[in-house]
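Examining the three-dimensional arrangement
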Amino acid sequence: TIKAKLMNDNTSESYEDALQAKFDTSPYITRMKPKSADVQDFLVKWDINPDDVLYDIRQDRVVFTVFTRMGLQVDAVGRSVLGRQPKWLRYASSPVPYTHGKGRTAVIVEDAISAYTVGNLVGHKATGLALLGTQLTGFHKWYMGHYFDSVIVALDPDAADKTMAITKELRSIIPDTKALRLTDDLKYMDEHDIKQLEALL
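For clarity, every value in this text was computed on a predicted model and none was experimentally measured.

So, about the overall build of the protein chain. A count of helical and extended segments in the protein chain gives 7 helices and 10 strands. In terms of C-alpha radius of gyration, the protein chain reaches 17 Å, essentially the compact-globule figure of 17 Å for 201 residues. Considering only C-alpha atoms, the protein chain reaches an extent of 50 × 40 × 30 Å along its principal axes. In the protein chain, which comprises 201 residues, the share counted as buried stands at 48%. As displayed, the protein chain offers around 10200 Å² of accessible surface, 51% of which is attributable to carbon and sulfur atoms.

Along the chain, the position of L136 falls in the loop between β8 (126-130) and α5 (138-147). According to the relative accessible area criterion, L136 is buried, its value standing at 15%. Along the sequence, L136 and L170 sit 34 residues apart, while their C-alpha atoms lie 9.3 Å from each other.

We now examine the packing of aromatic side chains. Considering all chains together, one arrives at 9 aromatic pairs under this definition. Aromatic side chains Y15 and F139 sit 5.2 Å apart centroid to centroid with 85 degrees between the ring planes, which places their arrangement in the edge-to-face category. Residue Y15 is located in helix α2 (residues 12-18), and its partner F139 is located in helix α5; the two are separated by 124 residues in the primary sequence. Accessibility classification places Y15 together with F139 in one group, the buried group.

In space, the 5 strands of this open sheet follow the order β6-β8-β7-β9-β10, with mixed pairing throughout. Each edge of the open sheet carries a strand with a single partner, namely β6 (98-101) and β10 (177-179). The sheet shows a mean angle of 20 degrees between the axes of neighbouring strands, direction not considered. As defined by bridge partners, strand β7 (residues 105-109) adjoins β8 across 5 bridges and the pair is classed as parallel. From the neighbouring strand, V107 faces β8, where its bridge partner is G128. The strands touched by helix α6 (residues 160-171) are β7, β9 (150-153) and β10; relative to β10, the strand with the most contacts, the crossing angle is about 170 degrees.

Here we take up the pattern of salt bridges. One pass over the full model with this rule turns up 8 salt bridges. One salt bridge connects K141 with E169, and the closest N-O pair in it is separated by 2.7 Å. With K141 in helix α5 and E169 in helix α6, this pair connects stretches of sequence that are 28 residues apart. In this structure E169 comes out as partly exposed when scored by relative accessible area, which is 33%.

Here we come to the side chain of T105. Here T105 is to be found in strand β7. The exposure class of T105 is buried, given its relative accessible area of 12%. Here S150 takes part through its side chain, which lies 2.6 Å from a polar atom of the side chain of T105. Discounting chain neighbours no more than four positions away, the residues touching T105 are K125, A126, T127, F148, S150, V151, I152 and L201.

Definitions and limits used
Residues numbered from 1 in each chain as written. Predicted model: local features only at pLDDT ≥ 70, side-chain atom pairs only at ≥ 80, totals over all residues. Heavy atoms only, no water. Helix = DSSP H or I, 4+ residues; strand = E, 2+ residues; numbered from the N terminus. Rg over C-alpha atoms; globule rule 2.2 N^0.38 Å. Buried < 20%, exposed > 50% of the residue type's maximum accessible area, 1.4 Å probe, protein only. Areas by Shrake-Rupley, 256 points an atom, 1.4 Å probe, with all protein chains shown as cover. Phe/Tyr/Trp six-rings, centres within 6.5 Å; stacked < 30°, edge-to-face > 60°. Pairing = 2+ DSSP bridges. Axes fitted to C-alpha atoms, helices over the stretch in contact; angles between N-to-C directions. Contact = heavy atoms within 4.5 Å. Salt bridge = Lys/Arg side-chain N within 4 Å of Asp/Glu carboxyl O. Polar contact = N/O pair within 3.5 Å; in protein donor to acceptor, adjacent residues only side chain to side chain.

Written out as structure tokens, the structure is:
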């Protein structure tokens, strides 16, 4: 099958290696969260459990850790709480996407907050998977083909064309791939969008 071919092509070995890459955490990344209003407001705004994220004390970033499906930390992505650029910072160069949730359905979103939101809402059925942008890579396709049975593409409303293109591309690997037309980014938890997502699951 196409899926099997993708999983066994010449890049599969290097993709497997990427899943074993050790991530050396920066000494500035800690579990301790400062009590500043900026950090507290960020966690409350997005309904983030402080125990689920780390903090970069040097750059004032809330840090989402990137794990493989086997539980190995291979990277991290930090979101500035003070408007520092870049808004999102990837700490290493792992191709592994940020995910949150345990389900065998991947819900593709753009950023880690949206992926975290999906994992919190429907994590027993689905896994939020952040592209950290809108580009679908060869590794993403291999990774999803390897670990997920179905996919829902749920990018921001202003990326509707990209949503359809990614949906079409992924169907050749995972036939059960659907597009979800959103009113707003999933992290804003629009009631209509959440109902649509739950209906697809």
